[in-house]
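Residues per chain, in single letters:
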Amino acid sequence: MDADWDEVTRATFPAPGNSDYPRPATALAFDTAQELLWVGSDRGRVVSLYGNDLQRYTAFKIQPASEGPVRQFLFHERGIIALGSRTVHMALRRGLTIWNIRHEDMKDLHCMCFTSKGASEILVAGRQDTMFVIDVNRGEIVKQVPTEHHYTIMKKSRYICAATTTGSVNLLDPNNSQFKLVRSWQAHASYINDMDAQHDFIVTCGGSLKQQAAQTYMLDPYVNVFDLKNMNSMKPMPFPPLAAYVRLHPRMLTTSIVVSQQGQMHVVDIMNPNSSNVRYANLLSPLVSVEIASSGEALAMADSECNIHLWGSPSKIHFTDMAVPIEMPEPEEEPPMLDWSMDTPLSSVGMPYYRDLLFSAWPPDLFSDVGAPPVQVDPTFLSTLQQSEFGYYGRNTRGLRRNQAEDTRITFKAPNAQQAPKFLSEKARESARSPSVSSSGAEMGTDQGDDITNSELESVKPDAPPMYRNFEIKYSKFGVDDFDFGYYNKTPYAGLENHIANAYANSLLQVMHYTPLLRNLAFQHAASACITDLCLLCELGYIFDMMQKTEGATCQASNMLKALSNTPQAAPLGLLEEEVHGQSLNTMVQGLGRFLMDRITQEYRSVRAASTSLEQNLFRLDQPPAPEDVANRVLATSAVITIKCTSCKNEFTRPGATHVNDLMYPTQKASSTRNGRATRITFSQVLKMGVERETTSKGWCSSCQRYQNLQMRKTIHNVPAVLTLNAAITTPEHRRLWATPGWLPEEIGIIVDQGQFFCFEGEDLKLHLQRGIHDITVYSLVGLVANIEGNPPQKPHLVAMVNVAHSEPTPPAEGRWHLFNDFSVRPVPSGEALTFNATWKIPSVVIFQVKAANNKLNMEWKENLDTSVLFTDFGASDHKTYRILDPETEKPGPNSIVALDTEFVSLKQPEIQMNSDGERETIRPMSHALARVSIVRGQGELEGDAFIDDYITIKEPVVDYLTTYSGISPSDLDPKVSKHSLVPLKIAYKKLWVLLNLGCRFLGHGLRQDFRVINIQVPRAQVIDTIELFYLKSRLRKLSLAFLAWFLLKEDIQMVTHDSIEDARTALKLYRKYLEFDDAGILEHMLQDIYKVGRETNFKPQRKDDSVVLKRTDTPPIPTEGGLGLRPSTPLRGRTGWQTELRNMPVFFSPGKGSPLRDS
């Protein structure tokens, strides 16, 4: 609070209506996005006041006047959330209602706050036994949470800090679904009048019973302070005028403002409560509410006589930083009066609304094309012109006829403009019509890549070239599978799709994937017995395995990024796009890198790895190392931090291991000149400063017992095999330094000697290697994440530059740098990869790896793959539709065939808009989630029996269960009432992943969509898809499972809904039928007959002749031993007329059981 703080404005809270009188404010809050002060009354009315003059802006009611006052406000980017005693109301700042929630259990609400999910969810409580969790975006009650305590005030800090009606402060865990009580303090004897919580502190003021009369209360003459970091209570701050209200300053972490009911204000430092700055407000009545703005430059007080007092510095007062301008209503302009006469033109009369074609509409042949770009004239053509009397003339070199107009709208394009590829369905149709057209798309993509690769360096251009720009996936009516990803990637390396949430992580995942030691850690852990949900290291192993098996196709990291979103620590650290507002991708990816390296170290230690022979040889260890030893040697920079007080010279040390080092740059003054000449700053110097990190900052000195300047420096003991660096670029000088040609070396040498860190590059590195005096470790640059800051409308995004040569099984002769721009992958020269541009291309994360580990890939994890998950029954249900594998007699292997089918539910509806041509255009397709996985034995005595039938617990809200197509109902996925085997996605996925890496062959019908939703990549050699076996490319139509079963097996399936066990078993029967046809040599003939009958029946199974309507409501359970039940089977039908005709065909094979060509 500056010295010139005073009352700036005093305004009367407006009356709710002309016939009513002014009423005191019951709630007061400054807007966090706009220059608005929000006030609530005791009759459920909300008013916003604008600017320093407190001009009235909007007003609306949230509940009937009889239901009581407005209690609290919260602010969201979409609007304002107001709390009443029985209502939670959200409205635009202009007053229009977004949603209003009422519930029969909402009886006396008092407080609310945001949860760990940021501004997308709030917790509402009050003097009642139920708390409500509300989804802000949907305006729905997500769940109700019972509580033993009644709460009157809530604030969000490290925890949810809640004041009870009995005078205690409870800390609730925001990451716990039931908001478990973590800690409780008895702050005041009777009640808490006001409370605030920010950062590491809670401050409260309250009251207690008077000594003389037990029925009246008196405010306490002090403010209680609690430390959230150390979980203890601190020394109270004395306040003799009786503390009524208290607020922590939003900018000064240890400063609080305490106010009495009479307007006496003390600005007190929590760490030094005996000294304070005192101010007095000129009041005529007691205060009823106090609030401070998020900028810290304004303070509002409401008194009992309906006055609002605004305090601040007259020259600096504002409510929020970077305020969004408010929307003012546009005045309606009255139409001008026309002075009508015979000379008044008809064009002065406005046109009416119409639907039919007007008689005055001009025909198209009278339209003229205006505004086209001018014709580009070749300068060499101008030099050959000859002059004559009428002007200049020359030879026609344009390739057009004389006087023929040139369509400059087509020819006038940027030379590097990107052209979107055609959809795969369009190419298939064109290929069917004209086979010569089929290769045009591929040639276009290849030529484009060659032009970019062979041209001059793109990174030196002033603007971001097309190869660096953000690519978008286009959707046809067939969804994302119809997009031609191959157009953007002609390499054997996998790209990653960017249409899923938090896809900014793609670039970092690419660099980590091509770092052999990180890839080995992920594979070793994924092959272990870990079944922990939300294990990010397992997810890294799964996505790395997908990228290895794709053979140049495109993957999606949906499971990995979904696990990241569900990790409780991700949102508070600002790693989720949906929870971050205004934070740059540069900062987010650097934070993500630090978070992932920490999690890799923690999770690798939790379970014994499958194989560590490579690390044992690399680090020269005598015996197999412990998991924590391997993780530390690969990722941790071991150091000791020495901290010294500049005042008392007291010095102490503590461990300071880090997994990511932030680079530090010398100050401009220190690095500007040496002997009158500018000194060159090298990457090695910046790296040394970042690793040793000598800094001075404010901190608590235990010797001085106060905050002092503390000097910190690191003593390095060991450098990891994988050196991860954050570029930490913050100034234009840093950008220009990285833009220096050749500044980032491809190799560096590091020496750690007696706690000192030395780094060398270039000629100095060669000299040290030649001398061989010191034990120097050479590191190779694996790759980096670069931030691309394009001009509008291009949005900033991240790309990866990776030298894939270090991860090849055999080292190539030279480096192979590639640009990974999400699903666009192309080779680039090393100069292009290591050249930066201060305007639009700067690095974010850089990863080096010890050179001795290059091309060291440990594949022993496949031989030591833990398969216990296949032989463990995780289902607690008695309704068993499966029989797990016998570990003695049914061990899956490369010769095993398993029939797979899955069912999905919808998490998001598709986003569709109408384009300028009036056609429907898909902006974002429907988002699915795996709901059921069924796998059937493909051979053996129990062929056709399921050994996996898992229903998946889904944490995200389901918008459509697709019951007609999936057979899934809400009760199937509800853990409380489901009678099925409900397992986490991690367990279901690991079963499939283990079968995949055991070499099993997956059989099914239309497996491409199943694999996409499962998010698994299966090599073509391990896929048997009956939709491809019974397909003629010339017909451009693939056949449904129900139609093939009806035609070939004489079975009716999918009578009411789909059942994954039935579908998998049917696909297995169709495969056996395919083998019969193929062995008999009549496969082509049968395919022609199938399509012939399909045209006659519109490719739909004909079931009208059935006399009995068959219904199936659920998968029948597996019969118990000794029971009389039969294996579940599909009902057979009678033969139709056209099937009788087929019996007259020459028989070259023996029809199988259930074949329509076999006698009943």
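As annotated in an unreviewed UniProt entry, the chain carries the name PAN2-PAN3 deadenylation complex catalytic subunit PAN2 and comes from Diplogelasinospora grovesii. The UniProt entry for the chain carries the following comment under Catalytic activity (unreviewed entry): "Exonucleolytic cleavage of poly(A) to 5'-AMP."

Outline the overall build of the chain, listing residues and values.
The number of helices and strands found in the chain is 24 helices and 57 strands. Out of the 1160 residues belonging to the chain, those deemed buried represent 50%. Total accessible area on the chain stands at roughly 57,400 Å², and carbon and sulfur atoms take up 50% of it.

Lay out the packing of helix α6 (residues 516-526) against helix α7 (residues 536-549) in plain terms, naming residues and giving numbers.
Contact geometry for α6 and α7: axes closest at 8 Å, N-to-C directions at 110 degrees. Classified by the interaxial angle, the pair formed by α6 and α7 is roughly perpendicular. Crossing handedness for the pair α6 and α7: left-handed. Residues L518, R519, L521, A522, F523, H525 and A526 of α6 touch α7, and the partners they reach there are L537, C538, L540, G541, Y542, F544, D545 and Q548. Class assignment for the residues of the contact of α6 with α7 results in 10 nonpolar, three polar and two charged.

Tell me about the nonpolar core, and please be specific about residues and values.
Residues M512, F683, L687, W738, F848 and F1002 are the most contacted members of the largest nonpolar core, which totals 146 residues. When sequence neighbours within four positions are dropped, the list of residues in contact with M512 reads L518, R519, L540, F544, L596, M597, I600 and I847.

An account of unusual backbone geometry is needed here, citing residue identities and associated values.
Residue H199 is not a glycine yet carries a positive backbone phi of 55 degrees. Mapped onto the secondary structure, H199 falls in the loop between β18 (191-198) and β19 (201-209).

Tell me what's going on with the packing of aromatic side chains, and back it up with residues and numbers.
Any pair of aromatic rings gets described here by the distance separating the centres and the angle formed by the planes. As enumerated under the stated definition, the model contains 31 aromatic pairs in all. Look at Y488 and F823: their rings are 5.3 Å apart centre to centre, the planes differ by 75 degrees, and that puts the pair in the edge-to-face class. Within this pair, whereas Y488 is found in the loop between α4 (440-454) and β33 (495-496), its partner F823 is found in the loop between β47 (817-821) and β48 (824-827), the two being separated by 335 residues in sequence. Between the aromatic rings of Y542 and Y989, the centroid separation amounts to 4.9 Å while the plane-to-plane angle is 45 degrees, which identifies the pairing as tilted. One end of the pair, Y542, is in helix α7; the other, Y989, is in helix α18 (residues 985-997), and 447 residues separate them in sequence. For the pair shown, Y542 and Y989 are each scored as buried.

Explain the environment of A727 residue by residue, including any values.
Structurally, A727 can be placed in the loop between β42 (722-726) and α14 (732-738). Residues A727 and M664 lie 63 residues apart in sequence; the distance between their C-alpha atoms is 8.4 Å.

So, the pattern of salt bridges: which residues are in play, and what are the values?
Enumeration over the complete set of coordinates arrives at 38 salt bridges. Its salt-bridge partner being K474, residue E472 comes within 3.9 Å of it at the nearest N-O pair. By relative accessible area, K474 is classed as partly exposed at 38%.

Explain the UniProt feature "binding site: a divalent metal cation" (unreviewed entry) in the chain residue by residue, including any values.
Per the UniProt annotation, the sites labelled "binding site: a divalent metal cation" (unreviewed entry) are D901, E903, D1010 and D1063. A maximum C-alpha distance of 12.6 Å is found for the annotated residues, which run over 163 residues; spatially they form one tight group. According to the relative accessible area criterion, D901 is buried, its value standing at 9%. When neighbours within four sequence positions are excluded, D901 is seen to be in contact with R932, V933, S934, D1010, S1060, D1063 and A1064. Mapped onto the elements, D1010 comes out in helix α19 (residues 1007-1014). Residue class for D1010 comes out buried when judged on its relative accessible area of 4%. At 2.3 Å, the side chain of D1010 forms a polar contact with the side chain of T902.

Describe the environment of M271, and please don't skip the residues or the numbers.
Relative to the elements of secondary structure, M271 occurs in the loop between β26 (264-269) and β27 (272-280). Taking relative accessible area as the criterion, M271 reaches 30% and is therefore assigned partly exposed. Distance in space between the C-alpha atoms of M271 and T254 is 6.8 Å, their sequence separation being 17 residues. Setting aside residues up to four positions removed in sequence, M271 forms contacts with F201, M234, T254 and Y707.

Which residues make up the sheet that holds strand β30 (residues 307-312), and what values do they have?
An order of β1-β30-β29-β28 is seen for the four strands of this open sheet, with the pairing classed as antiparallel. At either end of the open sheet lies a strand with only one pairing partner, and these are β1 (6-12) and β28 (287-292). Pairwise comparison of adjacent strand axes, ignoring direction, gives a mean angle of 20 degrees for this sheet. When strand β29 (residues 298-303) meets β30, the two strands line up antiparallel, connected through five bridges. Among the inter-strand pairings, A298 is bridged to a residue of β30, identified as G312.

Provide a residue-level description of helix α21 (residues 1041-1049), including the pertinent values.
In terms of burial, α21 is a largely internal element, nine of the nine residues being buried. Within the span of α21, buried status applies to L1041, A1042, F1043, L1044, A1045, W1046, F1047, L1048 and L1049. Once α21 ends, the next one or two residues include K1050, with phi positive near 55 degrees.

Explain empty space enclosed by the protein to me, using residue names and the numbers behind them.
For the structure shown, the criterion picks out five cavities of 30 Å³ or more. By volume, the largest cavity amounts to about 270 Å³. Broken down by secondary-structure element, the contributors of at least two residues to the lining of the largest cavity are α7, α8 (558-566), β53 (927-937) and α18. When residues of the lining of the largest cavity are assigned to their parent elements, the largest contribution, four residues, is made by α8. A per-class count over the lining of the largest cavity returns 10 nonpolar, three polar and six charged.

Account for the side chain of T881, naming residues and giving values.
Its location among the elements puts T881 in the loop between β49 (841-850) and β50 (897-908). A polar contact of 2.3 Å, which involves the side chain of T881, links it to the side chain of D949.

Go over the sheet that holds strand β40 (residues 695-701), please, and point to the residues and values.
Spatially, β36-β35-β41-β40 is the arrangement adopted by the four strands of the open sheet, whose pairing is antiparallel. This sheet does not close on itself; its edge strands, each paired only once, are β36 (651-655) and β40. For this sheet, the mean angle separating the axes of adjacent strands, direction not counted, is 35 degrees. As defined by bridge partners, strand β35 (residues 638-645) adjoins strand β41 (residues 706-718) across eight bridges and the pair is classed as antiparallel. What sits directly across from A639, in β41, is I716.

Residues and numbers for the side chain of N787, please.
Position of N787 among the secondary structure elements: in strand β45 (residues 777-788). Polar contacts involving the side chain of N787 include one to the side chain of E789, which spans 3.3 Å. Contact partners of N787, with chain neighbours within four places excluded, come to N586, P796, H797, L798, W840, K841, I842 and S844.

I'd like a rundown of the pairing of strand β7 (residues 80-84), residues and numbers included.
Counted residue by residue, β7 has five buried out of five residues, so it is predominantly covered. In β7, alternate side chains face the same way, and those of I80, A82 and G84 on one face and I81 and L83 on the other are all buried. Direction of pairing for strand β6 (residues 70-75) relative to β7: antiparallel, over a ladder of five bridges. Considered in β7, the bridge of L74 is made with I81. Linking two consecutive strands that pair antiparallel, namely β6 and β7, is a turn of four residues. The sheet contact formed by β7 and strand β8 (residues 88-91) spans four bridges and is antiparallel. Across the sheet, the residue bridging to L83 is V88, located in β8.

Rules and cut-offs
- In this convention, every chain numbers its residues from 1, walking through the sequence in written order.
- pLDDT decides what is reported in this predicted model: residues at 70 or higher carry local features, side-chain atom pairs at 80 or more are listed and counted, and totals for whole chains, interfaces and linings draw on all residues regardless.
- Only hydrogens and water are set aside when side-chain values are computed; all heavy atoms of the structure are taken into account.
- UniProt positions are given in the numbering used here, feature names are shortened, and annotations may be inferred rather than shown by experiment.
- Each helix corresponds to a stretch of at least 4 residues labelled H or I by DSSP, and each strand to a stretch of at least 2 residues labelled E; elements are numbered beginning at the N terminus.
- Summary of the burial criterion: residues with accessible area below 20% of their type's maximum are buried, those above 50% are exposed, and those between are partly exposed, where the area comes from a 1.4 Å probe applied to protein chains only.
- In short, Shrake-Rupley with a 1.4 Å probe defines the accessible areas, and a residue's cover is counted only from the protein chains shown.
- Orientation is described by axes fitted as lines to C-alpha atoms, over the contacting stretch for helices, and by angles from 0 to 180 degrees between their N-to-C directions.
- We call two directions roughly parallel when the angle between them is under 35 degrees, roughly antiparallel when it is over 145, roughly perpendicular when it lies between 65 and 115, and oblique otherwise.
- Crossing chirality is assigned from the near helix's rotation relative to the far helix, an anticlockwise turn below a right angle marking it left-handed and a clockwise turn marking it right-handed.
- Whether two residues touch is decided by their heavy atoms; if any such pair falls within 4.5 Å, the residues are in contact.
- Each residue receives one of three labels: charged for Asp, Glu, Lys and Arg, nonpolar for Ala, Val, Leu, Ile, Met, Phe, Trp, Tyr, Cys and Pro, and polar for the others, Gly being one of them.
- The term nonpolar core refers to a set of buried residues drawn from Ala, Val, Leu, Ile, Met, Phe, Trp, Tyr and Cys, joined through side-chain atoms within 4.5 Å.
- Only the six-membered ring of Trp is used, alongside the rings of Phe and Tyr, when aromatic pairs are assigned; centres must lie within 6.5 Å, and planes under 30 degrees apart are stacked while those over 60 apart are edge-to-face, with the rest tilted.
- Any Lys or Arg side-chain nitrogen located within 4 Å of an Asp or Glu carboxyl oxygen qualifies as a salt bridge.
- In protein, a polar contact means a hydrogen-donor-capable atom and an acceptor-capable atom, both N or O and within 3.5 Å, with residues adjacent in sequence counting only if both atoms are side-chain atoms; elsewhere, any N or O pair within 3.5 Å suffices.
- Two strands qualify as a pair provided that DSSP identifies no fewer than 2 bridges between them.
- Every definition here rests on a 1 Å grid over the protein atoms only: cavities are sets of points where a 1.4 Å probe fits but cannot get out, pockets are open sets enclosed by protein on both sides within 12 Å along at least five of seven lines, and lining residues have some atom within 4 Å of a point.
- Grid points are joined across faces, edges and corners, and a volume is the space filled by probe spheres set on the points.

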